[in-house]
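Coordinates in review
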Amino acid sequence: MKTEDLVRTFTEYYEERGHHRIGGSTLLPPPGDPVLFTTSGMHPLTPYLEGRPHPLGRRLVGRQRCLRTTDLEEVGDATHLTVFEMLGTWSLGDYDGPRSLSWGYGLLTEGLGIDPALLHATVHAGDGRTPPDTASVRLWQELGVPVEATEEDNWWSNGPVGPCGPDSEIFLWSGDGPPRSTPTRDERWVEVWNHVTMSHRRLGDGTLVPLPRRNVDTGLGLERLAALLQGEPSVFEADVFEPWVRLLPPLWPLEGHSLRLVCDHLRSAVVVLGDGVRPANTGRGYVLRRLVRRVLTVLWRDDPSRSLGDLPPEPVGHTLARFRQDVPPGEVLRMLLDEERRFRRLLEQGRHVLARPRFRGRLDEEDFRYLHDTHGLPRELVTSLRQE
Ligand code: SER
């Protein structure tokens, strides 16, 4: 099943159940929002999850692009990406968590043809603040899906403040043999869909207050489930990465983790540029800058003459089209090359400055401050140049 077929099947299934389709937002939250990037499908809906009526009603379905830097170190495994898409459904004070789970089970098994024996669920075990989620346990038992209860893994929040609540996560077995063990004990159980009952709001001082009405927020990792449905061992073999993994290795002989990192970070940088962010030393622009620099660091480890100027337009255009971004691929390529040139100049300058006798020994905080403020050399760059 192609990724776009999965999106269509998902959306139509929920439209048949009274959900209205919402257009996703860009990666950029509105001004005044405390986070740099949208990290979850629910993020643009926060005001509605906190009680404001949504103009399209109380049942919504949609897709949303997200960026997570918290998962950066995990990129390169089978399932984590920096930029990814979430398919989501929302009940704004309408139906409850078990109804959401039973529809989710119906879509996965009947709609997408997944063998029910390959599913496992987790639920909230309860803690000092909230009781165990017995309604979800009952639902999973009725459906014959094994269920495991956890405390912390099954409480979802989008940061230190805002709507939050207990969740039930659905896992799909990705191993070769028959399913074994449980999601917390065996990584071959891959989390594909999270159903959160948004019951509370956490305030700045950490207290939890009940929301005026309970909502359900679900998020399904699109690339992840698509790869599993396509029978592929990782997201990098799925159709969304096809031109990247086909065209990059002949250009730069990379493999394994390095190839995955370069594909993920370049594709993510394309989407971030496509949403209008430009490289900078702070905020969103710095996240973009770090992605490009991490790519170049990997490329130049083996051959410093490699250049993003050699990137063909096809994977860039493919990604821009998938994310419905109306930017010419040539413009994105030009911005990547400009950033590469800046980084090359900075490295040359950095090597030159760090060769001074003053910087040969141990560096203290004042040295790092001086190198940053006077020469624009971030601490992590200084550290890596000194290891060369
Ligand atoms: N907000 C939940 C998540 O991101 C479900 O959408 O996992």
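Everything that follows concerns the structure shown earlier in this document.
Read on for a plain summary of the structure. (Residues numbered from 1 in each chain as written. Predicted model: local features only at pLDDT ≥ 70, side-chain atom pairs only at ≥ 80, totals over all residues. Heavy atoms only, no water.)

1. Let's talk about the overall build of the protein chain
- If you tally the helices and strands in the protein chain, you get twelve helices and nine strands.
- At 23 Å, the protein chain has a C-alpha radius of gyration in line with the 21 Å of a compact globule built from 388 residues.
- If one aligns the C-alpha atoms of the protein chain with their principal axes, the spans along those axes are about 70 × 50 × 45 Å.
- For the protein chain, buried positions account for 52% of its 388 residues.
- Here the analysis covers contacts within the protein chain between residues at least 6 apart in sequence; of these, 70% occur between residues at least 24 apart.
- Across the protein chain, 47 positive and 56 negative side-chain charges occur, with their mean positions spaced 5 Å apart. (Helix = DSSP H or I, 4+ residues; strand = E, 2+ residues; numbered from the N terminus. Rg over C-alpha atoms; globule rule 2.2 N^0.38 Å. Buried < 20%, exposed > 50% of the residue type's maximum accessible area, 1.4 Å probe, protein only. Contact = heavy atoms within 4.5 Å. Lys, Arg positive; Asp, Glu negative; His and termini not counted. Charge placed at Lys NZ, Arg CZ, Asp CG, Glu CD.)

2. Considering the site of the ligand
- Around the ligand, a shell composed of Ser-40, Met-42, Arg-68, Met-86, Trp-156, Asn-194, Val-196, Asp-217, Thr-218 and Gly-219 is seen.
- At a separation of 3.1 Å, an oxygen atom of the ligand approaches a polar side-chain atom of Ser-40.
- Separating an oxygen atom of the ligand from a side-chain N or O atom of Arg-68 is a distance of 3.5 Å.
- At the level of elements, strand S8 (189–202) and strand S9 (208–221) are the ones that each hand at least two residues to the shell around the ligand.
- Per-element tally for the shell around the ligand: the top contributor is S9, with three residues. (Near = heavy atom within 4 Å. Polar contact = N/O pair within 3.5 Å; in protein donor to acceptor, adjacent residues only side chain to side chain.)

3. A word on the packing of helix H1 (residues 3–15) against helix H5 (residues 222–229)
- Contact geometry of H1 with H5 gives a least axis separation of 9 Å together with a crossing angle of 110 degrees. The orientation of H1 with respect to H5, classified from their angle, is roughly perpendicular. Relative to H5, H1 is oriented so that their crossing is right-handed. Contact residues: H1 offers Thr-3, Leu-6 and Val-7, while H5 offers Leu-222, Leu-225, Ala-226 and Leu-229.
- Its residues assigned to classes, the contact of H1 with H5 comprises six nonpolar, one polar and no charged. (Axes fitted to C-alpha atoms, helices over the stretch in contact; angles between N-to-C directions. Parallel < 35°, antiparallel > 145°, perpendicular 65-115°, else oblique. Left-handed = near helix turned anticlockwise from the far one by under 90°. Nonpolar A, V, L, I, M, F, W, Y, C, P; charged D, E, K, R; others polar.)

4. Some remarks on the packing of helix H9 (residues 313–322) against helix H10 (residues 329–354)
- Relative orientation of the contacting elements H9 and H10 amounts to 115 degrees, with a least axis distance of 9 Å. Put simply, H9 runs roughly perpendicular to H10. Crossing handedness for the pair H9 and H10: right-handed. Taken together, the residues of H10 that come into contact with H9 (itself represented by Pro-313, Val-316, Gly-317 and Leu-320) are Pro-329, Val-332 and Leu-333.
- Broken down by class, the residue content of the contact of H9 with H10 amounts to six nonpolar, one polar and no charged.

5. Things to note about unusual backbone geometry
- Despite not being glycine, Ser-181 shows a phi value in the positive range, around 55 degrees.
- With respect to the element layout, Ser-181 can be found in the loop between strand S7 (162–173) and S8.
- Non-glycine residue Arg-324 carries a positive phi angle of around 55 degrees.
- Note on placement: Arg-324 falls in the loop between H9 and H10.
- We classify Arg-324 as partly exposed; its relative accessible area is 45%.

None of the figures reported here should be taken as evidence of function without further support.
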